[in-house]
Every structure is written in structure tokens, then in C-alpha cells.
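For reference, the chains in residue letters:
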Amino acid sequence: MWVGLAVLTGAWRSVRVYETAWTWAPALLLFSLGILLYIQSGAHFSWAQLGGLPEVRPGHHDARLITTGLRSKVRHPVYLAHLCELIAWSLGSGLLVCWLLTGFAILTGAVMIQMEDAELQKRFGEQFRSYRSAVPALFPRL
């Protein structure tokens, strides 16, 4: 996949939407937030769970719905961390290809969140339905 993306985006690799050094300051904040979210997303999860194995391998189902810690504020903190990292690269670099890939990731991430929510709904039923109505998918309520 990475090789395919590199080939597809090669022509735009040096095209900048803008070029300024000050955009790296907010980018650094977003990078830091993304790393913090990644670290906190791993709490109460095994590496197999973080990698999605329970969803794709029969017999690997873990029958626990984690709704504590960071997941009490946002249902999909890993996707939020990805978004922070992608926007940080785009904002800091000003590269057109970064902005295009961020847009692509937003579209595919939205589909993936819907698919993941549907799978969790099937696995956890009413427990997940209550959780979903109380906790936003990506952006925590202020």
C-alpha cells in the first residue's frame, strides 16, 4: 500500500500550498497531542486489540467493551490521534500531497468508524448503543 501511494503521489511530492516556518509551531502541538492520544489509547488494550485482531480472527473475540479512561470522552481515540498527526504534517510542511492524503484519510476514516461502530453494535448490543449515545465518536464534548 505504501509503495502504491508513493507511486501515485510522486508527481506532487514537492508541490507546496504555502511555505512558512511558523506553521511548525502549531504542528508540534498537534504532534504532541497525537502521541499523547496514542499512549492513552493503549490503556486497557492488548496489542492484538489495538491491531484489530478480535474483529478479523474467529475465536479472538474479547467480550469487554472498554468505556473508561480516554474512551469515556471519545469512542475512537486512535483515529483522533491519526488525524492529529496527519494535520500536523500537512500544516507544518504545507505540502499539497500531505493535504490530499489527509483528506483521503478523513474520508476513509469516516467509513471505517461507521464499520467499526456497526461491528461493535453487533458484538455488544444495548451496552454499545448506550455508550454510543453518550460518547462522541471523534471529538470530545467541551
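Predicted model only: the values in this text are computed from it and were never measured.

Analysis parameters
Here the residue numbers are simple positions, counted from 1 along each chain's written sequence. Where totals are concerned, whole chains, interfaces and linings use all residues; where local detail is concerned, this predicted model gives features only for residues with pLDDT of at least 70, and gives and counts side-chain atom pairs only at 80 or more. Neither water nor hydrogens contribute to the side-chain values; these are computed over all heavy atoms in the structure. To qualify as a helix, a DSSP run of H or I must reach at least 4 residues; to qualify as a strand, a run of E must reach at least 2; elements of each kind are numbered from the N terminus. Expected helix span is computed as 1.5 Å times (number of residues minus one). Put simply, a nonpolar core is a bunch of buried Ala, Val, Leu, Ile, Met, Phe, Trp, Tyr and Cys residues held in one set by side-chain atoms that sit within 4.5 Å of each other. Working definition: with a 1.4 Å probe on protein chains only, accessible area under 20% of the residue-type maximum means buried, over 50% means exposed, and in between means partly exposed. Working rule for contacts: check all heavy atoms of both residues, and any pair within 4.5 Å makes them a contact. Pairing of aromatic rings covers Phe, Tyr and Trp, the last counted by its six-membered ring, and requires centre-to-centre distances within 6.5 Å; plane angles under 30 degrees mean stacked, over 60 mean edge-to-face, and any other angle means tilted. The term polar contact refers here to a pair of N or O atoms within 3.5 Å; inside protein, the definition further demands a hydrogen-donor-capable atom paired with an acceptor-capable atom, and it admits residues adjacent in sequence only when both atoms are side-chain atoms. The patches reported here contain residues having more than 30% relative accessible area and no salt bridge. Joining distances are 9 Å for like charges and 5 Å for nonpolar side chains (Val, Leu, Ile, Met, Phe, Trp, Tyr). Method for areas: the Shrake-Rupley scheme with a 1.4 Å probe, in which residue coverage is limited to the protein chains shown. The term salt bridge refers to a pairing of a side-chain nitrogen on Lys or Arg with a carboxyl oxygen on Asp or Glu at a separation within 4 Å.

> I'd like to hear about helix 6 (residues 96-124), residue by residue, with values.
For helix 6, built from 29 residues, the straight-helix expectation of 42 Å at 1.5 Å per residue is met to within 8% by its first-to-last C-alpha distance of 41 Å. Backbone geometry just after helix 6 places Gly125 at a positive phi near 55°.

> Before we move on, could you go through the nonpolar core and cite the residues and values that matter?
Counting 10 residues, the largest nonpolar core is built from Leu37, Leu70, Val74, Tyr79, Leu80, Ala81, Leu83, Cys84, Ile113 and Leu138. For this core, the element with the most residues is helix 5 (residues 77-93), which contributes five residues. With near-sequence residues (within four places) excluded, Ile113 lies in contact with His76, Tyr79, Ala137 and Leu138. Judged by nonpolar contacts, the second largest core, of six residues, contains Leu120, Phe124, Phe128 and Tyr131.

> Explain the packing of aromatic side chains to me, and be specific about the residues and the numbers.
According to the stated counting rule, one finds three aromatic pairs in the structure shown. Ring plane angle 80° and centroid distance 5.0 Å describe the contact between Phe31 and Trp89, whose orientation is recorded as edge-to-face. With Phe31 in helix 2 (residues 24-41) and Trp89 in helix 5, this residue pair connects regions lying 58 residues apart in the sequence. Judged by its relative accessible area of 14%, Phe31 is buried. On the basis of relative accessible area, Trp89 is assigned to the partly exposed category, the value being 47%. Taken together, the ring pairs connect Trp24, Phe31 and Trp89 into an aromatic cluster.

> So what's going on with the side chain of Arg75? Which residues, and what values?
Position of Arg75 among the secondary structure elements: in the loop between helix 4 (53-56) and helix 5. A polar contact is formed between the side chain of Arg75 and the side chain of Asp117, at a distance of 2.7 Å. If we ignore the near neighbours within four places in the chain, the residues touching Arg75 are Asp117, Phe128, Tyr131, Arg132, Val135, Pro136 and Ala137.

> So what about a nonpolar patch on the surface? Which residues, and what values?
Together, Trp12, Val15 and Leu100 line one region of the surface with nonpolar side chains, adding up to about 260 Å² of accessible area. Given the relative accessible area of 40%, Trp12 is considered partly exposed.

> Break down the pattern of salt bridges for me, citing the residues and quoting the values.
Taken as a whole and judged by the stated rule, the model has four salt bridges. Put simply, Glu19 and Arg16 hold a salt bridge, and the shortest N to O gap is 3.9 Å. A residue is classified by how much of its surface remains accessible, and Glu19, at 66% relative accessible area, is exposed. Judged by relative accessible area, Arg16 falls into the partly exposed class, the value being 41%. Notably, a salt bridge pairs Arg123 with Glu119, separated by 3.4 Å at the nearest N-O pair. One end of the pair is Arg123 and the other is Glu119, both in helix 6 and four residues apart, which spans about a single turn.

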